[in-house]
Amino acid sequence: MALFGRHKKSAPADERVTPEVLVQAAASLGLQQAPDAGIRDFPSDQIKRASRVLHGFAPEPSSTLHGGAIPNMFYNDVFAGTIDGRAIKVANVRTPMESMSLEYMAKVQSTSLVTVELSTLVPYAVEPRLRHQVIHGFEMATGDAEFDAAFRVVGLFAMGESPFSPEARRLIEAHRDWIFLFDGPLLMSVGLPAFTTGDDLTTRVREVVGVVNAFPASAGTIDHSVDDLLTRIGQLNSVEEAMTFLQALSPSDRERLAKSPTPLAKFADVQTPDEITQRFMSLDMNERMQVLAMFEKTQ
């Protein structure tokens, strides 16, 4: 029975029509409405965690005041297109979160999302130092003490120097309510506020593209030549699967692997289990950790 006899409700779905001002602003950038643009294929767990933290919540839901499950996150105001040769997607993210209301189990909070196509792999994330942390991984110093005091740069594995140039850091530092997540060849910027005006959308997209353009060429240049190879690597779940994968590579795959931004690039020229094991043992400890970290699936 609900408290005081009230029926517990889920947060109501946002069924409004996308405002025309957002449609026009997106069109001015070359983006079109695309409700089926595949945005639901994005790593929604990361986006939800970021949205929760930006609104002051812990990254994972706690039990609600009245019990019951919290509804799923959803998207609307979705646009897609190409800017400067990069695939871009834009959306408002609606995330039901714990509510103190006696009427609703959850209240929908809104954040905005901009995704930009990058090179084939960027294993980093950047988040402001808020009450809660979104990303687990190896925290990296950029050498900029003021930036490092305000933001965390986190790598999926330790990789030495970060790719964030002084210009990229300057542009990121202007926004203490944006979180930058990377998913292979994709940069996702989750931020506040949600898109409500045309200026919100156009300014945000241009600024996120500006951050990408400030990356070093190795991180920002689009190269699709190893996309399929990296997709196959991303599906490996164990060292044993990686050894089988390495043994089955064709000569052309080996050439592409050697040039790819993955720890397995160091194994491009080895083929037998003994050779693979010897190569692994020849790596320094940090390089070994990079390889092993590939099979530790993030939560």
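Before reading further, recall that the structure is shown in the block above.
Residues numbered from 1 in each chain as written. Predicted model: local features only at pLDDT ≥ 70, side-chain atom pairs only at ≥ 80, totals over all residues. Heavy atoms only, no water.

(A) Representation of the overall build of the protein. For the protein, the helix and strand inventory stands at 11 helices and nine strands. For the protein, the residues scored as buried account for 47% of the 299 residues in total. In the protein, of all internal contacts separated by at least 6 residues, the share reaching a separation of at least 24 is 68%. Summed over its atoms, the accessible surface of the protein is roughly 14,700 Å², and 53% of this surface lies on carbon and sulfur atoms. (Helix = DSSP H or I, 4+ residues; strand = E, 2+ residues; numbered from the N terminus. Buried < 20%, exposed > 50% of the residue type's maximum accessible area, 1.4 Å probe, protein only. Contact = heavy atoms within 4.5 Å. Areas by Shrake-Rupley, 256 points an atom, 1.4 Å probe, with all protein chains shown as cover.)

(B) Structural detail: the pattern of salt bridges. Tallied over the full model, the rule gives 11 salt bridges. Across the salt bridge formed by R49 and E60, the nearest N and O atoms sit 2.7 Å from each other. Linking R49 in helix 2 (residues 44–54) with E60 in the loop between helix 2 and strand 2 (74–83), this pair joins segments that are 11 residues apart in sequence. The class for R49 is buried, based on a relative accessible area of 6%. Assessed through its relative accessible area of 44%, E60 is described here as partly exposed. (Salt bridge = Lys/Arg side-chain N within 4 Å of Asp/Glu carboxyl O.)

(C) Spatial organisation of unusual backbone geometry. Here the bond from L192 into P193 is cis, since omega is 0°, no more than 30 degrees from zero. Tracing the sequence through the fold places P193 in the loop between strand 9 (186–191) and helix 5 (198–213). You will see that D77, though not glycine, has its phi angle at about 55°, which is positive. In this fold, D77 is placed in strand 2. In this structure D77 comes out as buried when scored by relative accessible area, which is 4%.

(D) Up close: the nonpolar core. The biggest cluster of nonpolar side chains holds 35 residues, and the ones touching the most others in it are V90, L201 and V205. Top contributing element to this core by residue count: helix 5, with six residues. With residues near it in sequence (within four places) discarded, V90 still touches L31, I39, D77, V78, F79, L113, V114, F195, L201 and V205. If you look at the next biggest cluster of nonpolar residues, it comprises 25 residues, including I39, A50, V78 and M188. (Core = buried A, V, L, I, M, F, W, Y, C linked by side-chain atoms within 4.5 Å.)

(E) Representation of helix 2 in the model. Where burial is concerned, most of helix 2 is hidden: eight out of the 11 residues are buried. Looking only at helix 2, the buried set comprises Q46, I47, R49, A50, S51, R52, V53 and L54. Positive phi appears at G56, one or two residues downstream of helix 2, with a value of about 90°.

(F) A look at the packing of helix 1 (residues 20–28) against helix 5. The geometry of helix 1 relative to helix 5 is characterised by a closest axis approach of 8 Å and an angle of 30° between their N-to-C directions. Here helix 1 lies roughly parallel to helix 5, going by the angle between them. Considering only the axes of helix 1 and helix 5, their crossing is right-handed. On helix 5, the residues touching V21, L22, A25, A26 and S28 of helix 1 are G198, L201 and T202. The residue makeup of the contact of helix 1 with helix 5, split by class, is five nonpolar, three polar and no charged. (Axes fitted to C-alpha atoms, helices over the stretch in contact; angles between N-to-C directions. Parallel < 35°, antiparallel > 145°, perpendicular 65-115°, else oblique. Left-handed = near helix turned anticlockwise from the far one by under 90°. Nonpolar A, V, L, I, M, F, W, Y, C, P; charged D, E, K, R; others polar.)

Remember, this is a structural readout, not a statement about activity or role.
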